[in-house]
Amino acid sequence: MTTLLAGAPPGVLAMTFPTNEVDEIAARLMRDDAAVALQYTPVTGIASVRGYLIDRQEQLQGHRPALDELIVTSGGMECIALMCQALIDPGDTIAVEAPSYLGALMAFGGAEADVVAVAMDDDGMVVDALAERLAGGLRPKFVYTIPEYQNPTGRTLPLARRHELVELCRRHGVLIFEDVAYRELSFDGTSHPTLWSLAPDIVLQAGTFSKSFFPGVRLGWAVGPSEVVTELAAAKLNTDQCAGGLGQRLVEEYGRAGGFERHLPAARALYASHWTALSAALKRHLPDGCQWSEPTGGFLTWLTLPDELDVFALRPAAIEAGVAYVPGPPFHVGDEGRNSMRLSFSHLSEAELDTAVERLAGVVRDALVGSTA
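Predicted model, so just to flag it, every value in this text is computed and none were measured.

Thresholds, definitions, all that
Residues numbered from 1 in each chain as written. Predicted model: local features only at pLDDT ≥ 70, side-chain atom pairs only at ≥ 80, totals over all residues. Heavy atoms only, no water. Pairing = 2+ DSSP bridges. Helix = DSSP H or I, 4+ residues; strand = E, 2+ residues; numbered from the N terminus. Contact = heavy atoms within 4.5 Å. Axes fitted to C-alpha atoms, helices over the stretch in contact; angles between N-to-C directions. Core = buried A, V, L, I, M, F, W, Y, C linked by side-chain atoms within 4.5 Å. Buried < 20%, exposed > 50% of the residue type's maximum accessible area, 1.4 Å probe, protein only.

**Q** Would you mind showing me how to read the sheet that holds strand S2 (residues 70-73) here?
**A** Sheet strands associate in pairs through backbone hydrogen bonding, adopting either a parallel or an antiparallel arrangement. The strand order S2-S9-S8-S7-S6-S3-S4-S5 describes an open sheet built from 8 strands, whose pairing is mixed. Here the strands that pair on one side only, and so sit at the sheet edges, are S2 and strand S5 (124-125). With 3 bridges connecting them, strand S3 (residues 93-98) and strand S6 (residues 142-145) associate as parallel partners. What sits directly across from Ile-94, in S6, is Phe-142. Sheet strands touched by helix H3 (residues 47-61): S2, strand S8 (203-208) and strand S9 (220-223). Its angle to S2, the strand with the most contacts, is close to 110°. Running over the sheet, helix H6 (residues 127-135) touches S3, strand S4 (114-121), S5 and S6 and is turned about 145° from S4.

Right, dumping it as structure tokens:
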């Protein structure tokens, strides 16, 4: 039986789903609000839902968007697709972190954009590296970044770099596309200010309820400059035309009743305990020369093996040993990451995480012996 460290895609544990509360809300909506919840909705979202989301951004981010600065989307991934449809012509440049979210890279590739990679270190995007590219004449349509618990690395952009990134992009007239999919999953419940809250005039933020509510609801939001949000709404008219009404009303009713405040602390504690177990297992089992990121939230870490190893070549032996992982190269624009992999610690128990790493470590050791034979 294969033990998954892959996460395909990584998501919240089923045991964290608020099934009882959702059951009660859904029954009430069917009884009292079916005419709204089961109908088509305005392209920008149901008015009461947008009102709730505006209130929520003010509560969580300390800045209140205007009504024309927020749109409801069918998940965070739809916002990425809408950004491509609304802003990108074939050959336009997009700057991304290296490595970056695979779904975004696929969307950017489908839009025939010229995707330029910006180096990362343990503190996320290296803003000085982006500054060098912009000073050299690079003018991307936007810079795509995941500042918290980044997919795939789990890294977080420090506050100082957030200010540097905002100042840099404002100086060069470049839009920042901020993906906050994992922001509410910090292990200790704290977080840095978002890029949007620091610079709402030059940041378009995409959020999702897939990680904080449940993935099946397929609901998210975008908030940013009104002219960009207007472009997204126009693009959405040519895609799904509106996010599902039932999902919108479920999120609104659950949120207004304090569901997120009740639910998220338990999810954060669960992922924190899983990371503690995985971190200990990595230290216990992996040979010298292996390195990994140290997330402070979310449920992903980035493992880098010694240079002589190739994660694609290791996969057959790993699967035979009963462990699966996601290889690093697809998260890169070029042919990098051959010795890296993304590990997810969302689904496995603490004991299973130790077993998975022990199996993986055995495969790595065997490969290292083979490389010197």
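After that view of the structure, there is still more to cover.
**Q** Sorry, what's going on with the sheet that holds strand S13 (residues 326-327) here?
**A** Strand order in this open sheet of 4 strands is S10-S11-S14-S13, and the pairing throughout is antiparallel. This sheet does not close on itself; its edge strands, each paired only once, are strand S10 (291-292) and S13. Taken together, the 2 bridges between S13 and strand S14 (residues 340-344) define a ladder with antiparallel strand orientation. The partner of Pro-327 across the bridge, within S14, is Met-341.

**Q** Quick question: what am I supposed to make of the nonpolar core here?
**A** In terms of nonpolar packing, the biggest core is built from 114 residues, with Met-83, Phe-108, Leu-130, Phe-142 and Phe-213 touching the most fellow members. Ranked by residues supplied to this core, first place goes to helix H11 (residues 259-285) with 10 residues. When near neighbours in sequence (up to four residues on either side) are disregarded, Phe-108 contacts Ile-80, Cys-84, Ile-94, Val-96, Ala-113, Val-115, Phe-142 and Tyr-144.

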